[in-house]
Amino acid sequence: MKRFEINGIVQGVGFRPFVYNLARKLKLNGYVLNSTNGVEIELEGTKKALIQFKDILLNELPPAAKIEELVEFDLSDAGYSDFEIRQSLSKTGSTFISPDLAVCKDCVQELFKKSDKRHEYTFINCTNCGPRYSIIEKTPYDRPVTSMKTFEMCSFCESEYRDPTNRRFHAQPIACPVCGPQLKFLDNNLNEIFGDPIENCLKYIKEGKIVGIKGIGGFHIACDATDRKAVAELRRRKNRPDKPFAVMCAEENLQNIVEYNSAQLDLLKSVAAPIVLFPKKVESPIVDSVAPYNPNLGVFLPYAPHHHQIFQKPNLYLIMTSGNLNDEPIASDEKELQGICDYFLTHNRPILNRTDDSVIRPSKRKNIFLRRSRGYVPSPLKLPFKTIPTLGTGAELKISFALAKEDSIWMSPYIGNNNSKETEDFFTETLTKFQDWFKIKPELVACDLQPDFMTTRFAEKLNLPLVKVQHHHAHVAAVMAENMLDEPVIGISYDGTGYGLDGAIWGGEIFVGDYQNFERKFHLKYMPLPGGDAAIKHPVRIAFSYLQQAGENPDFLTGISEIEKKIIFKQITNNFNVFQTSSMGRLFDCISAMLGLFPNITFEAQSAMALEFLCGTESLEKVPSYSYEIDNGVIDFIPLIKAVTNDIRQKKSRTEIALRFHKTVIDFTVQAVQKVKKETGLSKIVLSGGVMQNNVLLEGLYSELEKNCFTVFTPSQLPSNDGAISAGQVMIANRVMRRD
Ligand code: ZN
Ligand code: ZN
Ligand code: FE
């Protein structure tokens, strides 16, 4: 007899029916069951059949299943007389919960087949597709512990659910129009508007209205992306003047709005169905205000049945943005959105676990997550070494906590982008669930050095051994971890803001180190940041301050008042409310504001992005860099500021200046790390931090470093921004504890 214990994404993805049918076909007896550890199988039969079983199992898995680990035992026969699917077994240990899966082809076909029992039924799903993470209450995954528990299966659904040859055999969210959830269309006072909910939704969207659409991981706020007035109204109500919105459309219309290749289309069509950023088409029906001043557009394809129903309408392009107020967690209840939406397309299947859409930016080498959430969470990642049960709480922006034990780490969905009560509540709620599902009781907690973060205060309250981790060390450690590195490396962290060991604001750092220790080898020259966070929203104040520092006349700056100038001048000369910073993000802000791009911004990184976009697709190879000085561990960019000032006065093109600026950053970085390599002999190099989301910089740096014989590691499974900080914190805390 053979016994298999299998870990991975094996629950809720049609794994048991697959095993059942395979065992029957090969005339093997025994059982399969979901355990809290994964799936357990016992099999008796001929030697040949047993070998065939394993072979087919490994090579012909159901599309959404993934085996992480398979342990095989040879035991003496137990005398099974048939093959059965047994009741789930509870044990301690961690379960893999499947992420939510985009609706499959077969289900979409049935959705639009007139004779099908589930024709136009929005809650159609099968063992290969449908909601998972967002509907689960407890593990192991079974209908009575999902948000489907209140819907009693009708005899038709039940017969399919019990039939091992059916595609819906043990599909936990199975439902039909007779027994399952129902769509509803509501007005702003939450009174039902009768008629076909999908038709109503389309009618009001075409009239320019804003409709809240209940989705898989939360609400979307939708409006017509070709309707200038509707988009303007949405921006006003969401208090979101410029930040880009994502657009959903049918696959056949994608080519009308963005440029992409076939591999990128596969990513859009994957079961995770993320939002992906692509270059916009010049001639496009999408109005500019959807992603203003931005050459790219985030797009995604219909991934839930109601999306497919909505996008049956030809030539439809909808903004589908997360249903929240600025930076708050996503809403799962229409009541929270009455201030924004005119109408609601909603339903009565509760969303138990909220999760925003994931966002990916393709690049030449590896795709980069800007946000890792729906479709990916809560799949764990493998770690290069075993940890004790540990919680990393993250930072302040793009909060996502990390829980680790043994050699696995579970990242939470995107939680929120601030220190608000709502963000903290969602953080606590999700953490409690993750601890329960994955059976992790933290014995160690790690947080940021910055004392004012909600996540820091949360960690301090836990009464556990606490390690406070320097922000940029955590950035580097996160990239090391996902690349399975456990050795000293050169770590670059180009970032916006992070609390430094000396109390200054760091963000342009070159380290040498591992998880346990790090040494700062180079950093950008400290510059005065007048008013701290206030300056970040007004990059022109940064430019004013840096120009003063460079001894240049800031008279050419636009978007700054005489009063502002006076105040900042006073702050700097009296050293009042002035912070020292080595941030690379701020250097980008400074140059961007000097060029008059965005003197004041309305969302994070707006000015730095504008500077990147100026480069277009021009090559950096031909342009010369500006001068700079590297001495004593400091990269002095004052000569760069002077040269840019001179170019601006000489009315040189902004594109040329932007290109030369990027080139300069790449040049001084390569020069600095060559010095580090010479001194230490290290040639493995890790690129991290929010500024690495800049494609021109990342690509340029990557190829220059490769040319100079460095082995370069970049983030691809976790974001390079603060969404990965918690993973780095966990790794560092484990090694620091061992040292102590
Ligand atoms: Zn399906
Ligand atoms: Zn039914
Ligand atoms: Fe950061």
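Conventions and cut-offs
- Along every chain, residues carry numbers that run from 1 in the direction the sequence is written.
- All chains are assigned letters beginning with A, and all ligands numbers beginning with 1, in the order in which they are written.
- Reporting of local features is limited, given that this is a predicted model, to residues whose pLDDT is at least 70; pairs of side-chain atoms are given and counted only at 80 or more, and all residues count toward the totals for whole chains, interfaces and linings.
- With hydrogens and water set aside, each side-chain value is computed from the structure's full complement of heavy atoms.
- Only DSSP runs of H or I covering at least 4 residues are called helices, and only runs of E covering at least 2 are called strands; the numbering of each starts at the N terminus.
- A 1.4 Å probe rolled over the protein chains alone gives each residue an accessible area, and that area as a share of the maximum for its type sets the label: buried under 20%, exposed over 50%, partly exposed in between.
- Here a residue-residue contact requires only that any non-hydrogen atoms of the pair lie within 4.5 Å.
- We get accessible surface area from the Shrake-Rupley algorithm with a probe of 1.4 Å; when it comes to residues, only the shown protein chains can shield them.
- Asp and Glu count as negative and Lys and Arg as positive, but His and the ends of the chain are not part of the count.
- Throughout, a charge is located at the NZ atom of Lys, the CZ atom of Arg, the CG atom of Asp or the CD atom of Glu.
- Arc definition: directions from the helix axis to the C-beta atoms.
- A pair of strands is labelled paired if DSSP reports no fewer than 2 bridges between them.
- Helix axes use the C-alpha atoms of the stretch in contact, all axes being lines fitted to C-alpha atoms, and the angles between their N-to-C directions lie in the range 0 to 180 degrees.
- Each metal's donors comprise the N, O and S atoms found within 2.8 Å of it (within 3.2 Å for Na, K or Ca). Water is not part of the atom list, so some coordination spheres may appear incomplete.
- Start and end points for every domain follow an automatic or database-based domain assignment.
- Using a 1.4 Å probe, buried area is obtained as the accessible area two parts lose upon being combined, added over both of them.
- When a carboxyl oxygen of Asp or Glu is within 4 Å of a side-chain nitrogen of Lys or Arg, the pair counts as a salt bridge.
- In the scheme used here, Gly and all other residues not listed as nonpolar or charged are polar, with Ala, Val, Leu, Ile, Met, Phe, Trp, Tyr, Cys and Pro taken as nonpolar and Asp, Glu, Lys and Arg as charged.
- Each label reflects the angles at the metal, where four donors whose angles all fall between 85 and 135 degrees are tetrahedral, four or six donors whose opposite pairs open beyond 155 degrees and whose other angles stay between 65 and 115 are square planar or octahedral respectively, and the rest are irregular.

(A) Fine view of the overall build of the protein. What the protein contains, in helices and strands, is 20 helices and 28 strands. Taking the principal axes of its C-alpha atoms as reference, the protein extends roughly 85 × 60 × 50 Å. Counting every position in the protein, which comprises 740 residues, the buried fraction comes to 63%. For the protein, the proportion of contacts with a sequence separation of at least 24, taken over those separated by at least 6, is 72%. Split by element, the accessible area of the protein, about 28,800 Å² in all, is 49% carbon and sulfur. The average position of the 87 basic charges and that of the 89 acidic charges among the side chains of the protein differ by 1 Å.

(B) View of helix α4 (residues 155–162). For α4, the full list of buried residues reads C157, E160 and Y161. With its buried residues spanning 100° around the axis, α4 presents them on a single face.

(C) Up close: the sheet that holds strand β3 (residues 38–44). Taken together, the five strands give an open sheet; going across it, the order is β4-β1-β3-β2-β5, and neighbouring strands pair in mixed fashion. For this open sheet the edge positions go to β4 (66–74) and β5 (83–85), each flanked by a neighbour on one side alone. Mean inter-strand twist for the sheet, computed between neighbouring axes without regard to direction, equals 15°. Taken together, the three bridges between strand β2 (residues 29–35) and β5 define a ladder with parallel strand orientation. Note that in β5 the partner of V32 across the bridge is I85. Of the strands in this sheet, β1 (2–9), β2, β3, β4 and β5 are in contact with helix α1 (residues 15–25), which crosses β5 at around 170°. Against the sheet, helix α2 (residues 47–59) touches β1, β3 and β4, its axis set at about 165° to β4.

(D) Region of interest: the coordination of the iron ion (ligand 3). Within the first shell, the iron ion (ligand 3) binds the protein through H471 (NE2), H475 (NE2), D495 (OD) and D722 (OD), at distances of 2.1 to 2.2 Å. Considered as a linear motif, the donors of the iron ion (ligand 3) on their single chain read H-x3-H-x19-D-x226-D. One end of the pair, H471, is in helix α11 (residues 471–482); the other, D722, is in the loop between β28 (711–713) and α20 (725–739), and 251 residues separate them in sequence. Take H471 and D722: they sit in the same class, and that class is buried.

(E) Summary view of the domain arrangement of the protein. By the assigned domains, the protein splits into domain 1 (2–85), domain 2 (183–361), domain 3 (376–483 + 719–739) and domain 4 (522–713). On the side of domain 4, nine residues touch domain 3, which itself brings nine residues to the contact. With both chains or domains summed, domain 3 and domain 4 bury close to 730 Å², and 57% of this area falls on carbon and sulfur atoms. Joining domain 3 to domain 4, the criterion identifies one salt bridge. The partner of E604 in a salt bridge is K398, with the nearest N and O atoms 2.6 Å apart. Its residues placed into classes, the side of domain 3 that touches domain 4 shows four nonpolar, four polar and one charged.

(F) How the structure looks around the coordination of the zinc ion (ligand 2). For the zinc ion (ligand 2), every protein donor is listed as C154 (SG), C157 (SG), C176 (SG) and C179 (SG), and the spread of their distances is 2.2 to 2.3 Å. Here the zinc ion (ligand 2) binds four donor atoms, and the angle range of 100 to 117° at the metal identifies the geometry as tetrahedral. Ordering the donors of the zinc ion (ligand 2) by residue number gives the pattern C-x2-C-x18-C-x2-C. C176 gets classed as buried once you look at its relative accessible area, which sits at 0%. By relative accessible area, C179 is classed as buried at 10%.

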